[in-house]
Amino acid sequence: MDSMPIIQALTLIVIGLGVVVGWAQLRLLRKQIKAQHDWNRRLTSLQYSFSSDPHIREIRTRLDQHLNIPNQKTREIHLEEIEALATQQYPEVMTDIQFILGRLESMCVAIKNGIVDERTCKDMLRGIVIEYFRFFRQYIESKRDIRNNPRLYVCLETYAQRWDKAGDPSRPKVDESI
């Protein structure tokens with residue numbers, strides 16, 4: 001009796017099983033890598049939390065004290081008010097506004113490019129993004145005109161509008177025409 005066909009059949013079965021096991025392991029590895037990637041994006045998102053950075057907390061405290069932002073959710077601050085504040089009692093107001101808006105813009109750019117997790121950032125900072133964009137809209141438009149750069153803070157604007165539309169229907173929208 002010739003055992004060669006039996007050995008070849010067993011070899012094919014072993015190779016076939018090896019291919020199936022290898023394919024299953026690759027799928028599992030891909031799933032684990034994706035899960036790790038998503039976890040890392042969520043962790044990176046936490047770096048944008050205002051509560052974890054004492055410098056940002058100080059800036060927000062100063063802005064809230066001088067501009068009373070939490071109590072003015074539906075209004076924009078006029079440039080004249082900011083300029084008057086800068087010349088009178090809060091000379092670093094422009095720097096603080098630029099820092100906060102720049103930080104929020106950085107987060108929104110990171111969201112757009114998939115570096116951080118949108119859902120995590122939205123859960124942490126949705127209200128602040130909407131509130132600060134709405135409140136400083138005239139300031140943002142002024143900076144765009146001065147620098148002749150219509151794309152300045154465009155990611156912040158995009159996410160403020162997107163998150164505002166998806167939010168509470170009883171709150172006024174950032175821009176009703178959008």
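These figures come from a predicted structure and were not determined experimentally.

A. Structural context of the UniProt feature "transmembrane region" (unreviewed entry) in the chain. The UniProt record annotates "transmembrane region" (unreviewed entry) at residues 6-26. This span, residues 6-26, is 100% helix and 0% strand, and a straight line between its end C-alpha atoms measures 30 Å.

B. Geometry of the state of the cysteines. Tallying each qualifying case throughout the model produces zero disulfides. Just so you know, Cys-155 is unpaired, no disulfide at all, and the nearest cysteine sulfur is the one on Cys-108, 6.7 Å from it.

C. Highlighting the packing of aromatic side chains. Enumeration according to the criterion identifies three aromatic pairs in this entry. Their ring planes at 65° and their centres at 5.8 Å tell us that Tyr-132 and Phe-136 sit as a pair that is edge-to-face. There is no split in this pair, since Tyr-132 and Phe-136 are both buried. With a centroid separation of 5.1 Å and 85° between ring planes, the pair formed by Phe-135 and Phe-136 is classed as edge-to-face. Judged by its relative accessible area of 1%, Phe-136 falls in the buried class. Pairwise contacts between aromatic rings join Tyr-132, Phe-135 and Phe-136 into one cluster.

D. Highlighting unusual backbone geometry. In this structure, Asn-148 takes a positive phi of about 50° despite not being glycine. Among the secondary structure elements, Asn-148 is positioned in the loop between α6 (137-147) and α7 (154-165). Even without being glycine, Tyr-153 reaches a positive phi, approximately 65°. Among the structural elements, Tyr-153 can be located in the loop between α6 and α7.

E. Structural view of helix α2 (residues 54-67). In this model, α2 (14 residues) spans 20 Å end to end at C-alpha, consistent with the 20 Å of a helix rising 1.5 Å per residue. Where α2 begins, the side chain of Asp-53 points an oxygen toward the backbone nitrogen of His-55, at a separation of 3.0 Å. The first or second residue beyond α2 is Asn-68, which carries a positive phi of 55°.

F. Just the pattern of salt bridges, in detail. Under the counting rule described, the total for this entry stands at 11 salt bridges. Residue Arg-62 pairs with Glu-92 through a salt bridge whose shortest N-O separation is 3.9 Å. With Arg-62 in helix α2 and Glu-92 in the loop between α3 (79-87) and α4 (93-112), this pair connects stretches of sequence that are 30 residues apart. Of the charged contacts, one joins Arg-144 and Glu-141 as a salt bridge, the two residues approaching to 3.0 Å between their closest N and O atoms. Of this pair, Arg-144 and Glu-141 are both found in helix α6, three residues apart, which corresponds to roughly one turn of the helix. Taking the relative accessible area as the measure of exposure, Arg-144 reaches 8% and is therefore buried. Judged by its relative accessible area of 31%, Glu-141 is partly exposed.

G. Seen up close, the packing of α3 against α4. Their axes nearest at 8 Å, the elements α3 and α4 cross at an angle of 125°. Judged by the angle between their axes, α3 and α4 are oblique. Listed contacts from α4 to Ile-82, Glu-83, Leu-85 and Ala-86 of α3 are Val-93, Met-94 and Ile-97. Partitioned by chemical class, the residues of the contact of α3 with α4 number six nonpolar, no polar and one charged.

The rules behind each value
- Residues numbered from 1 in each chain as written.
- Predicted model: local features only at pLDDT ≥ 70, side-chain atom pairs only at ≥ 80, totals over all residues.
- Heavy atoms only, no water.
- UniProt positions renumbered as here; feature names shortened; annotations may be inferred.
- Helix = DSSP H or I, 4+ residues; strand = E, 2+ residues; numbered from the N terminus.
- Disulfide = S-S within 2.5 Å.
- Phe/Tyr/Trp six-rings, centres within 6.5 Å; stacked < 30°, edge-to-face > 60°.
- Buried < 20%, exposed > 50% of the residue type's maximum accessible area, 1.4 Å probe, protein only.
- Expected span 1.5 Å × (residues − 1).
- Polar contact = N/O pair within 3.5 Å; in protein donor to acceptor, adjacent residues only side chain to side chain.
- Salt bridge = Lys/Arg side-chain N within 4 Å of Asp/Glu carboxyl O.
- Axes fitted to C-alpha atoms, helices over the stretch in contact; angles between N-to-C directions.
- Parallel < 35°, antiparallel > 145°, perpendicular 65-115°, else oblique.
- Contact = heavy atoms within 4.5 Å.
- Nonpolar A, V, L, I, M, F, W, Y, C, P; charged D, E, K, R; others polar.

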